[in-house]
Amino acid sequence: MAKKLILFLVTLALVAAMASTKRVGALTAARNDDDLPQRQDAMAEAVKVFSGYNPASTNPEALKRAVATVNGAMAPLWPIFKAISKMPVSTPAEVRAKEEARAAANELLTRHLGQLLPGGSVKISNEL
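Residues numbered from 1 in each chain as written. Predicted model: local features only at pLDDT ≥ 70, side-chain atom pairs only at ≥ 80, totals over all residues. Heavy atoms only, no water.

## Comments concerning the overall build of the protein chain
For the record, the criterion: Strands are runs of DSSP state E lasting at least two residues, helices are runs of H or I lasting at least four, and both sets are numbered from the N terminus onward. Only protein chains enter the accessibility calculation, which uses a 1.4 Å probe. A residue is then buried if its area is under 20% of the maximum for its type, exposed if over 50%, and partly exposed in between. Whether two residues are in contact is decided by their heavy atoms: any pair within 4.5 Å suffices. Note on areas: Shrake-Rupley with a 1.4 Å probe; residue coverage comes only from the protein chains shown.
Along the backbone of the protein chain there are 6 helices and 0 strands. Order of helices (α) and strands (β) in the protein chain, N terminus to C terminus: α-α-α-α-α-α. When the 128 residues of the protein chain are sorted by exposure, 29% land in the buried category. Taking contacts inside the protein chain between residues at least 6 apart in sequence as the whole, the part at least 24 apart equals 54%. Entry remark: accessible area of the protein chain is about 8,700 Å², with carbon and sulfur atoms responsible for 60%.

Rendered as C-alpha cells:
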C-alpha cells in the first residue's frame, strides 16, 4: 500500500507542477541536464550568500537572487511535501504510510540537492 501511495504522491506532484506555467519551467529545468552547470553555479552562489548573511552588510539584491534560486530549485518538490502534510493520521496504518512517504520524499530531496549543491553531499534532518 505504501508503494502505491508514494507513486500516487509523485504523480500528484507532477500534475500539480504542470498546472502552473511557472512550475512547468522549473520542472523542465530540473529535468534538463544541459543547464545543470548553471544551476549548480547559481546554487553555489546562493550558499555563499546565505552562509555569509549579515543584515547590515549583505546586498539585498544578492539575497533576493539567492532566495529565488533556492525556491526555483525546490519548486518541483513542493507539491510532494504539501500532499504529505495533508495525509491523514487517524490510524496506525495511516501514520506508517505518512512516515514512509516523508522518508521517500526526503530521499528525493537529498538526491535533488546532492546534484545541485557544491560537494554533492547532503543530509536531511527532521530536527528543525
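## Thoughts on the side chain of Lys98
To keep it simple, the criterion reads: Lys and Arg are tallied as positive, Asp and Glu as negative. Neither His nor the chain termini are counted. Salt-bridge detection follows one rule: a side-chain nitrogen of Lys or Arg within 4 Å of a carboxyl oxygen of Asp or Glu.
Along the chain, Lys98 falls in helix H6 (residues 92-116). Nearest to the buried, unbridged Lys98 among oppositely charged side chains is Glu94, at 9.5 Å. Residue contacts for Lys98: discarding those within four places in its chain leaves Ile84, Ser85, Met87 and Val89.

## Quick word on H6
One full turn of an α-helix is made of 3.6 residues, so residues set three or four places apart face in the same direction. Cut-off, in case you're wondering: Expected helix span is taken as 1.5 Å per residue step, with the number of steps being one fewer than the number of residues.
Taking 1.5 Å of rise per residue, 25 residues should cover 36 Å, and H6 covers 36 Å from first to last C-alpha, within 8% of that figure. Turning to H6, its buried residues number three or more, namely Ala97, Lys98, Ala101, Ala105, Asn106, Leu109, His112, Leu113, Gly114 and Leu116.

## Notes on the nonpolar core
Here is a general trend for soluble globular proteins: nonpolar side chains tend to be buried in one another's company. What counts, and what does not: Among buried residues, those of type Ala, Val, Leu, Ile, Met, Phe, Trp, Tyr and Cys that are joined through side-chain atoms within 4.5 Å constitute a nonpolar core.
Counting residues in hydrophobic clusters, the biggest one holds 14 residues, and the most contacted among them are Met74 and Ile84. Taken together, the elements giving at least two residues each to this core come down to helix H3 (36-51), helix H4 (60-74), helix H5 (78-85) and H6. Of all the elements, H6 adds the most residues to this core, at 6 residues.

## Re the confidence of the model for the protein chain
As a reminder of what qualifies: Residue-level confidence of the predictor, termed pLDDT, takes values from 0 up to 100.
The share of residues in the protein chain with pLDDT of 70 or more is 70%, and the mean pLDDT across the chain is 79. Within the protein chain, the element-level pLDDT minimum falls on helix H2 (residues 21-31), averaging 46, and the maximum on H5, averaging 95. Long-range and interchain partners of residues 14-30, a stretch whose pLDDT sits below 50, account for 20 contacts in this model, where long-range means more than four residues apart.

## A few points about the environment of Arg65
As for its placement among the helices and strands, Arg65 is situated in helix H4. A sequence separation of 20 residues divides Arg65 from Glu45, and the C-alpha atoms of the two residues are 9.1 Å apart.

## Considering the environment of Val49
Structurally, Val49 is set in helix H3. The exposure class assigned to Val49 is buried, which follows from its relative accessible area of 10%. Remark: the alpha-carbon pair of Val49 and Arg65, spanning 16 residues in sequence, is separated by 9.2 Å. The contacts of Val49, once residues within four sequence positions are left out, are Thr58, Ala62, Leu63 and Ala66.

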